[in-house]
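Structure assessment
In case you want the letters, here they are:
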Amino acid sequence: MLDNQGNSVDRLALFGGAPAFGERLHVGRPNLGDRDRLLARINDLLDRRWLTNHGPYVEEFERRITDLTGVKHCIAMCNATVALEIAIRAVGLTGEVIVPSMTFIATAHALQWQEITPVFCDIDPATHNLDPRRVEAMITPRTSGIIGVHLWGRPCDVDALAEIAQRRNLKLLYDAAHAFGCSHRGRMIGGFGDAEIFSFHATKFFNSLEGGAVVTNNDDLAAKIRLMKNFGFAGLDDVIYIGTNGKMNEVSAAMGLTSLESLDEFISVNHRHYKQYRHELAGIPGIRLTTYDESEKCNYQYIVLEIDAAETQVTRDELMYILWAENVVARRYFYPGCHRMEPYRSYFPHSGLLLPETERLVQRVMSLPTGTAVGEWEISRICGIIRTAVEHGPEVHERVARLLDGQDIYSVLESLRHERALHSDAALELVPATR
Ligand code: T4K
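**Re the overall build of the protein**
- Scanning the protein for helices and strands turns up 16 helices and 16 strands.
- Against the 2.2 N^0.38 benchmark of 22 Å for 435 residues, the protein shows a C-alpha radius of gyration of 22 Å, consistent with a compact globule.
- If you line up the protein on its principal axes, its C-alpha atoms span 70 × 55 × 40 Å.
- Evaluated residue by residue, the protein yields a buried proportion of 57% over its 435 residues.
- Counting contacts in the protein only where the partners sit at least 6 residues apart, residues at least 24 apart contribute 71% of the total.
- Just so you have it, the protein exposes about 18,400 Å², and 50% of that area is on carbon and sulfur atoms.
- Positive and negative side-chain charges in the protein, numbering 45 and 57 respectively, have mean positions lying 1 Å apart.

Encoded structure:
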């Protein structure tokens, strides 16, 4: 196992060593399918001059998703956020809806955007998903539904949530943005609740550039959503619902169809990387890899660590700083939790009191690069860096504090993000490293 070429803290880039990587490694680097197949499809759609509005590629894409998930209806959309907004409206959510705070902000915003209050509910620390035992306690007379999030692609406790929803007469949606290609007890994600929402954003393991979909087994709901994503048009000049423009365009569908052809390959690369991370991080005190149930179908698209600073002696943010200096742009998805972002933190300044597990988890999580943009060698280096930092935890902690000289780590990282265009591939130069 590589150990950052030796075992010395001095070799870490933050303390003056050469960065492990000459280019940045990102979390969420897109996987790309066969470029020639994609370009052929794009040529084809240009020849056809049918660029959007229920084109043949979108139709084919929807069919392929229903085949793959075994769900009756798929309505492809421009992104998952709009798909969530439309599904929320179509099932008739109003008042308050119970959601986790441990999610991407879009889950909460899709509600608030329509003046529906997201009521943040705590998670089960073992699964990172909504804790059904706590959901019940959050229900009020204004509650109209629950939105579970299959975080990291790991299914929610769908049985318990369905039981609560049925008994309390609530609608049940799933934000399945992370869970395309995953199953629960052999049944594909997509068929649970009233509807589920996928994301095919560029950063997802399977992408259509931008894109999303609502999938459902409910015929009436599917028909309504199909109209709502097209302004509510039921005929040429006949609008029967309030609607919006949620349509997927043909280039996105072409990308989606091309990505689908490589789906198995993307999953097998992710699976291999997951097993390597698990092997190489094993035994590092205080570092726990979030695990997947390998007996289910799983996309393995997120490599998520939980860092227990009491054991590692180096904090999650210090580890991130170390990794960024090596050009590994680790992320702390989903810090600080939706409840600590606007407008929610102003509306409900004390909601954290009801979210002890969420508050604890957001301080500990860190996502690492995976997917086809990284290989075995890169993963070994990343794991070696983490091992070195933890093996010398107290020393690293003290040296980072000296470098920072009172500055907050994340504001240093944020300034780098702005000053040095995080989205380019140029290597990061962390100013304190040269001190
Ligand atoms: N629900 C959940 C649970 C979600 O996680 C998401 C999205 C949604 C709903 C909404 O789905 P969409 O409406 O987006 O379909 C990213 C993604 O933008 C977002 O889609 C995703 N979740 C979230 C987890 O991650 P950011 O703000 O962290 O992205 P950004 O721009 O920092 O990109 C991440 C890294 O990926 C970059 O450092 C570089 C790399 N990257 C990114 C893009 C776009 C590339 O290398 N190439 C690219 O084209 O939110």
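**Focus on the confidence of the model for the protein**
- For the protein, the mean per-residue pLDDT works out to 94, and 94% of the residues sit at or above 70.
- The low-confidence segment residues 1–5, where pLDDT is below 50, has 20 contacts with residues more than four positions distant or belonging to other chains.

**As for the nonpolar core**
- Core analysis: the biggest nonpolar cluster contains 109 residues, and Phe61, Leu368 and Ile386 have the highest contact counts within it.
- When sequence neighbours within four positions are dropped, the list of residues in contact with leucine 368 reads Val27, Tyr277, Ile303, Leu305, Leu323, Ala330, Ile382 and Ile386.
- Listed in part, the 32 residues of the second largest apolar core include Ala80, Ile105, Ala108 and Ile116.

**Let's talk about the pattern of salt bridges**
- What the rule picks out here adds up to 24 salt bridges.
- Between arginine 133 and aspartate 131 there is a salt bridge whose closest N-O contact spans 3.0 Å.
- What makes arginine 133 exposed here is its relative accessible area of 66%.
- Looking at aspartate 131, the relative accessible area reads 3%, which means it is buried.
- Between arginine 288 and glutamate 306 there is a salt bridge; the shortest N-O distance is 3.2 Å. Pair noted here: arginine 288 is in strand β13 (residues 287–289) and glutamate 306 is in strand β14 (residues 303–307), with a separation of 18 residues, a long-range link.
- For glutamate 306, a relative accessible area of 6% puts it in the buried group.

**Some thoughts on the pairing of strand β2 (residues 73–77)**
- In terms of burial, β2 is a largely internal element, four of the five residues being buried.
- Relative to strand β10 (residues 212–216), β2 is paired through five bridges, and the arrangement is antiparallel. When the bridges of β10 are listed, alanine 76 appears paired with alanine 213.

**A few points about the sheet that holds strand β4 (residues 117–121)**
- Taken in spatial order, the seven strands line up as β2-β10-β9-β6-β5-β3-β4 in an open sheet, and their pairing is mixed. If you trace the sheet from one side to the other, it starts and ends with β2 and β4, each paired once. Direction aside, neighbouring strands of the sheet carry axes that sit 25° apart on average.
- Summarising the sheet, strand β3 (residues 96–100) and strand β5 (residues 143–149) pair through three bridges and their orientation is parallel. Bridging across to β5, valine 97 finds its partner in glycine 145.
- Together, β2, β9 (195–199) and β10 form the strand contacts of helix α2 (residues 56–69), whose direction differs from that of β2 by roughly 135°.

**Overview of helix α9 (residues 263–281)**
- Taking 1.5 Å as the rise per residue, α9 with 19 residues should run 27 Å; its terminal C-alpha atoms sit 27 Å apart, in good agreement.
- For α9, the set of buried residues is Leu263, Phe266, Ile267, Val269, Asn270, His271, His273, Tyr274, Gln276, Tyr277, Glu280 and Leu281.
- Against α2, α8 (250–261), β13, β14, β16 (365–368) and α14 (376–391) lie the buried residues of α9.
- Of the residues one or two after α9, glycine 283 is the one with positive phi, at around 85°.

Rules of the game
- Chains are numbered independently. Their residues run from 1 in the order of the written sequence.
- The model is predicted, so local features are restricted to residues of pLDDT at least 70 and side-chain atom pairs to those at 80 or more, both for listing and for counting; the totals for chains, interfaces and linings are taken over all residues.
- Side-chain metrics rest on all non-hydrogen atoms present in the structure, leaving aside hydrogens and water.
- Counting from the N terminus, the helices are DSSP H or I runs at least four residues long and the strands are E runs at least two residues long.
- Radius of gyration means the value over C-alpha atoms here, while the globule rule gives 2.2 Å times the residue count to the 0.38 power.
- Working definition: with a 1.4 Å probe on protein chains only, accessible area under 20% of the residue-type maximum means buried, over 50% means exposed, and in between means partly exposed.
- Note on definitions: a residue-residue contact is assigned when non-hydrogen atoms from the two residues lie within 4.5 Å.
- Residue exposure ignores everything except the shown protein chains as possible cover, and the areas themselves are Shrake-Rupley values with a 1.4 Å probe.
- Under this rule, positive means Lys or Arg and negative means Asp or Glu; His and the chain ends count for nothing.
- Charged side chains are reduced to one point each, which is NZ for Lys, CZ for Arg, CG for Asp and CD for Glu.
- Residue-level confidence of the predictor is what pLDDT reports, using numbers from 0 through 100.
- The set of buried Ala, Val, Leu, Ile, Met, Phe, Trp, Tyr and Cys residues whose side-chain atoms join them within 4.5 Å is what this entry labels a nonpolar core.
- Each salt bridge in this description consists of a side-chain nitrogen of Lys or Arg and a carboxyl oxygen of Asp or Glu lying within 4 Å of one another.
- Strands are labelled as partners when DSSP assigns at least two bridges between them.
- Angles run from 0 to 180 degrees between N-to-C directions of axes, and those axes are lines fitted to C-alpha atoms, restricted for helices to the stretch in contact.
- The span you would expect from a helix comes to 1.5 Å times its residue count less one.

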